[in-house]
Amino acid sequence: MKIRQQAILMLHRILNQGQKADVLINRTDFDGRDKALLHEIIYGVLRRYYSLEADFCRFVQDKPDELMRMALFVGFYQLRYMRVPTHAAVYETVEAIKKLQPNTTSRVNAILRRCVRTAPPKKLKPWQQCELPQDVYKTWRDAFGLETVKAFSVFLQTPPPLTVAVLIGSREDWIAACQQQDIEAKVGSHSPWAVILPLGTFVADLPGYDDGQFMVMDQAAQMSVGVLNKASKRHLDLCSAPGGKMIVASKQLSDAHIVGVERTESRLPRLQENMLRMQSTAKLVHADALQLPFADQSFDSVLLDAPCSASGIIRRHPDAKFLHSLNDAAQLAKRQFRMLEEAIRVCRPGGQIVYAVCSLHPQETEAVVKQVQDRCDPLALPSDLQALQVSEGMVRLFPNEEHDGFFIANLTRK
């Protein structure tokens, strides 16, 4: 009951107060199976929000208040998608709302029992089928085409596998070590470091964790590092936390002096911990990417992984659908452009600038790059990315079974 009660309260905070799901879950005293159950309910509701809402709205005559709505989400998700026994899902959810809002108990009970007796709705609107906000669905449909959005939205509705970058030793040897521990592992298709592991794999149990042999990092993010010119001698990594791209860059640019920049103080401890575990020799600078403490033209290459709406990683962070609107994306794009201007300033003429965001929104991707066309030319992409190119020097990765949604622009300063 306490788990459902917490799920109701947390969903209310996420959906109505803009709080982050992972932060709320990590603050609880739950551990083990209880924490896993809480995580599954909350993330499951967020992934299936629009179809669940269409499901229970058939049985609601008067618009319910927010806590009652959250209870219906929790109950319907368990009944439609989890292996929780029917009587337990109904009873525990009803008891949870009884503690929080006694006057709605009978209504929640009646609606959940109707769910038990009724199949899910057969007809959903297109944006409900894709589990996307209506305005986001329309924007993506118009930009990418209906079939493309339908295809990649399937992956947004399911938890992603675990992906790591193996940075010490042979990737094949590391996979063999995993298999000796009965851990299924396979090579990623788009990165020389990527290994894909089953959902739920416990990272600290993997071979070489204490020795810094690998780094948890989505394959799309690894690909943004893979486009860097190996001849670079002085490289700048902007918005570095949690450190994955900066650490992987040390493998791609074996002869380069690497400097990482991070502004947010609360993210520095984890970044420093990752650098220590991975034995990184990069220099870390606490500074704002909008006002870099470096001279003009002082780096051969710059990688800017700019803060964004996270619309490309909804399968990993489904609360992103509700935390960032299209208006937010437009505001973020203004900041991304200013950061890109700073990246251009500190890059030498003829040097390389890689602009990357885990967003699919056009205003955060091509629209930002187009604003610097007077100062930058597109650079050819590596051969394995050329088939994915959407415009010269630019590639958009749609979410699939191997990686998140991502955008990479490969540029050179004029």
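Residues numbered from 1 in each chain as written. Predicted model: local features only at pLDDT ≥ 70, side-chain atom pairs only at ≥ 80, totals over all residues. Heavy atoms only, no water.

K.L.:
Help me get a handle on the packing of aromatic side chains, residues and values and all.
P.N.:
Within the structure shown, the criterion is met by 16 aromatic pairs. Arranged with centres 6.0 Å apart and planes meeting at 25°, the rings of Tyr50 and Phe322 form a pair that is stacked. Placement of the pair is Tyr50 in helix 4 (residues 49–57) and Phe322 in helix 15 (residues 320–323), with a sequence separation of 272 residues. Among the aromatic residues, those joined into a ring-pair cluster are Tyr49, Tyr50, Phe56, Phe59, Phe73, Phe76, Trp127 and Phe322. (Phe/Tyr/Trp six-rings, centres within 6.5 Å; stacked < 30°, edge-to-face > 60°. Helix = DSSP H or I, 4+ residues; strand = E, 2+ residues; numbered from the N terminus.)

K.L.:
An account of the packing of helix 3 (residues 32–47) against helix 5 (residues 66–81) is needed here, citing residue identities and associated values.
P.N.:
One can describe the packing of helix 3 onto helix 5 by two numbers: an axis separation of 9 Å at closest approach and a directional angle of 100°. When the interaxial angle is binned, helix 3 and helix 5 end up roughly perpendicular. Here Glu40, Ile41, Gly44 and Val45 of helix 3 come into contact with helix 5, specifically with Phe73, Val74, Tyr77 and Gln78. Considering only residue class, the contact of helix 3 with helix 5 consists of 5 nonpolar, 2 polar and 1 charged. (Axes fitted to C-alpha atoms, helices over the stretch in contact; angles between N-to-C directions. Parallel < 35°, antiparallel > 145°, perpendicular 65-115°, else oblique. Contact = heavy atoms within 4.5 Å. Nonpolar A, V, L, I, M, F, W, Y, C, P; charged D, E, K, R; others polar.)

K.L.:
How would you sum up the nonpolar core? Please name residues and give values.
P.N.:
In globular proteins that are soluble, nonpolar side chains generally tend to be buried together. Among the nonpolar cores identified, the biggest contains 130 residues, and Ile42, Trp140, Leu236 and Tyr355 are the most heavily contacted of them. Considering each element in turn, this core owes the most residues, 9 residues, to helix 5. Beyond its immediate sequence surroundings of up to four residues, Leu236 is in contact with Val259, Val261, Leu292, Phe294, Phe299, Ser301, Val302, Leu303 and Val346. Leu162, Val164, Val166 and Val195 belong to the second-largest nonpolar core, a separate cluster that totals 12 residues. (Core = buried A, V, L, I, M, F, W, Y, C linked by side-chain atoms within 4.5 Å. Buried < 20%, exposed > 50% of the residue type's maximum accessible area, 1.4 Å probe, protein only.)

K.L.:
Could you give an account of the sheet that holds strand 2 (residues 186–187), with specific residues and numbers?
P.N.:
Note: strands within a sheet are paired through backbone hydrogen bonds, in either parallel or antiparallel orientation. If you walk across this open sheet you meet the 4 strands as 2-3-1-4, and the pairing is antiparallel. Pairing within the sheet leaves two strands with one partner each, and these edge strands are strand 2 and strand 4 (214–216). The pairing of strand 2 with strand 3 (residues 194–197) spans 2 bridges and is classified as antiparallel. When the sheet's bridge partners are listed, Lys186 is paired in strand 3 with Ile196. (Pairing = 2+ DSSP bridges.)

K.L.:
Please set out the pattern of salt bridges residue by residue, giving values where relevant.
P.N.:
Evaluated as defined, the whole model comprises 20 salt bridges. Note that Glu147 and Lys150 form a salt bridge whose closest N and O atoms lie 4.0 Å from each other. Within this pair, Glu147 and its partner Lys150 are both found in helix 10 (residues 146–156), separated by 3 residues, close to a single helical turn. You can call Glu147 exposed: its relative accessible area is 53%. Between Lys414 and Asp377 there is a salt bridge whose closest N-O contact spans 3.8 Å. Of this pair, Lys414 sits in the segment after strand 13 (406–413) while Asp377 sits in strand 10 (residues 376–378), placing them 37 residues apart in sequence. (Salt bridge = Lys/Arg side-chain N within 4 Å of Asp/Glu carboxyl O.)

K.L.:
Outline the environment of Ser189, supporting the account with residue identities and numerical values.
P.N.:
Residue position: Ser189 is located in the loop between strand 2 and strand 3. In this structure Ser189 comes out as exposed when scored by relative accessible area, which is 52%. For the pair Ser189 and Glu402, spaced 213 residues apart in sequence, the C-alpha to C-alpha distance is 7.9 Å. Those residues in contact with Ser189 that lie beyond four places of it in its chain are Gln219 and Glu402.

K.L.:
Pulling in residues and values, what's your account of the pairing of strand 5 (residues 234–238)?
P.N.:
Counting buried positions over the 5 residues of strand 5 gives 4, a clear majority of the element. The pairing of strand 5 with strand 6 (residues 257–262) spans 5 bridges and is parallel. What sits directly across from Leu238, in strand 6, is Val261. As a crossover connection, the stretch from strand 5 through helix 13 (residues 244–252) into strand 6 is right-handed. Alignment of strand 5 against strand 8 (residues 299–305), held across 4 bridges, turns out to be parallel. Bridging across to strand 8, Leu238 finds its partner in Leu304. (Right-handed = clockwise from strand over helix to strand, strands pointing away.)

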